[in-house]
Amino acid sequence: TYIRHLKSTGIKNSTINRELAGLKRAFNIMIQDDLINYNPCCKVKMLESDGRRYRYLTKEEWERLKVELSPTALQIVSVALLTGFRSGNVLKLKWEQIDLNLRTIELLKTENKGKKYIKMSISESLYDLLLTLEPKKSGYVFVNPKTNKPYTSIKTAFKAAVRRAGLEDLRFHDLRRTVGTWLLTSGVDIRTVQSILAHSDVRTTERYLALTNEQNIKAMGVLNSYV
């Protein structure tokens with residue numbers, strides 16, 4: 001009944017799916033707290049997506065965006081682009097997860113949406129960036145000076161920078177797709193990209209990746225030698 005109500009108001013399937021996911025999570029928390037013993041959403045199937053999202057940053061767009069970001073927002077976005085982490089993992093990143101000697105970052109199963117343990121290598125650019133953030137033994141990497149707590153979101157600042165850069169329809173989560181696309185277009189195989197993005201199914205990785213028009217033209221050109 002709830003789904004039918006939402007659909008009658010013209011809400012997209014993707015938005016309804018996000019609401020369903022939130023409801024499922026809420027009921028699961030109540031089960032864990034012994035408030036209820038059954039999740040009424042457990043057998044409710046997600047709706048078919050209205051269409052796949054292919055938005056990602058081109059290198060030229062990234063050059064335009066980064067000059068519009070505040071210093072802190074630029075650091076946060078840069079970490080996202082150098083790790084492929086979701087926004088929550090970037091904003092809640094702690095120094096305890098980072099080993100600058102071994103140059104690795106760890107995400108525990110409880111910290112990862114896919115419930116997978118992740119150990120990622122730190123690239124040279126990411127290493128240099130982390131050093132500028134004055135590494136500590138513990139605590140959050142990004143701390144809001146107004147609250148002395150980790151940032152909960154930079155959505156407002158990100159949207160404003162996107163607008164000033166003259167970019168359209170770009171969300172923070174598109175940075176994750178950007179990482180996959182940049183890796184793929186640079187010749188990294190899809191299985192490696194799957195591992196970096198911590199996808200359980202390679203088909204999920206395929207949905208994240210967006211091939212550029214230039215790549216499509218080059219790929220189709222291969223057929224010239226055959227026909």
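Up top is the structure these notes are about.
Quick caveat: nothing in here was measured; it's all calculated off a predicted structure. (Residues numbered from 1 in each chain as written. Predicted model: local features only at pLDDT ≥ 70, side-chain atom pairs only at ≥ 80, totals over all residues. Heavy atoms only, no water.)

Undergrad: Got a sec to walk through the overall build of the protein chain? Specific residues and values, please.
TA: Of the regular secondary structure elements, the protein chain holds 11 helices and five strands. For the protein chain, the spread of C-alpha atoms along the principal axes amounts to about 60 × 55 × 35 Å. Going through the 227 residues of the protein chain one by one, you find that 33% of them count as buried. Carbon and sulfur atoms form 53% of the exposed surface of the protein chain, whose accessible area is close to 14800 Å². (Helix = DSSP H or I, 4+ residues; strand = E, 2+ residues; numbered from the N terminus. Buried < 20%, exposed > 50% of the residue type's maximum accessible area, 1.4 Å probe, protein only. Areas by Shrake-Rupley, 256 points an atom, 1.4 Å probe, with all protein chains shown as cover.)

Undergrad: I'd love a proper account of a nonpolar patch on the surface, names of residues and values included.
TA: On the surface, a cluster of nonpolar side chains totalling about 630 Å² of accessible area is made up of Met220, Val222, Leu223, Tyr226 and Val227. Along the chain, the position of tyrosine 226 falls in the segment after helix 11 (213-221). Using a relative accessible area of 68% as the deciding quantity, one classes tyrosine 226 as exposed. (Patch = residues over 30% accessible without salt bridge, like charges linked within 9 Å, V, L, I, M, F, W, Y side chains within 5 Å. Salt bridge = Lys/Arg side-chain N within 4 Å of Asp/Glu carboxyl O.)

Undergrad: Give me the packing of aromatic side chains: which residues, what numbers.
TA: The geometry of an aromatic ring pair is captured by two quantities: the separation of the ring centres and the angle between the planes. Scanning the model with the defined rule gives one aromatic pair in all. For the cation-ring pair, arginine 103 lies above tyrosine 127, with the distance from its terminal atom to the ring centre recorded as 3.6 Å. (Phe/Tyr/Trp six-rings, centres within 6.5 Å; stacked < 30°, edge-to-face > 60°. Lys NZ or Arg CZ within 6 Å of the ring centre and 35° of its normal.)

Undergrad: Report on unusual backbone geometry, specifying residues and quantitative values.
TA: A positive phi angle, close to 55°, is found at arginine 103, a residue other than glycine. Within the element layout of this structure, arginine 103 appears in the loop between strand 1 (98-99) and strand 2 (104-107).

Undergrad: Residue-level account of the side chain of asparagine 144, with values.
TA: Its place among the elements puts asparagine 144 in strand 4 (residues 143-144). We classify asparagine 144 as buried; its relative accessible area is 18%. Among all residues touching asparagine 144, those that are not within four sequence positions of it are Lys149 and Tyr151. (Contact = heavy atoms within 4.5 Å.)

Undergrad: Give me the lowdown on the nonpolar core, citing residues and values where you can.
TA: Membership of the largest hydrophobic core comes to 43 residues, with the highest contact counts inside it found for Leu65, Val77, Ile98 and Phe158. A total of six residues in this core trace back to one element, the largest contributor, which is helix 4 (residues 71-83). Filtering out sequence-adjacent residues up to four positions away, leucine 65 remains in contact with Leu57, Phe158, Ala161, Val162, Ala165, Leu167 and Leu170. (Core = buried A, V, L, I, M, F, W, Y, C linked by side-chain atoms within 4.5 Å.)

Undergrad: Hey, could you go over the sheet that holds strand 1 for me, with residue numbers and the actual values?
TA: Taken together, three strands build an open sheet; the order of strands is 1-2-3 and the sheet is antiparallel. In the strand order of this sheet, the two ends are held by strand 1 and strand 3 (118-121), each with one partner. Sheet topology places strand 1 next to strand 2; two bridges connect them, and they run antiparallel. Bridge pairing in strand 2 places isoleucine 98 opposite isoleucine 105. (Pairing = 2+ DSSP bridges.)

Undergrad: Give a description of the packing of helix 4 against helix 6 (residues 124-132) that names residues and reports values.
TA: Any two packed helices are characterised by the angle at which their axes cross and by the distance between the axes. Interhelical geometry of helix 4 versus helix 6 gives an angle of 150° and a closest axis separation of 10 Å. Overall, the two elements helix 4 and helix 6 adopt an arrangement that is roughly antiparallel. The element helix 4 and its partner helix 6 pack so that their crossing is left-handed. On helix 6, the residues touching Gln75, Ser78, Val79, Leu82 and Thr83 of helix 4 are Ser125, Leu126 and Leu129. Here the contact of helix 4 with helix 6 is built from residues that sort into four nonpolar, four polar and no charged. (Axes fitted to C-alpha atoms, helices over the stretch in contact; angles between N-to-C directions. Parallel < 35°, antiparallel > 145°, perpendicular 65-115°, else oblique. Left-handed = near helix turned anticlockwise from the far one by under 90°. Nonpolar A, V, L, I, M, F, W, Y, C, P; charged D, E, K, R; others polar.)

By themselves these figures say nothing about function.
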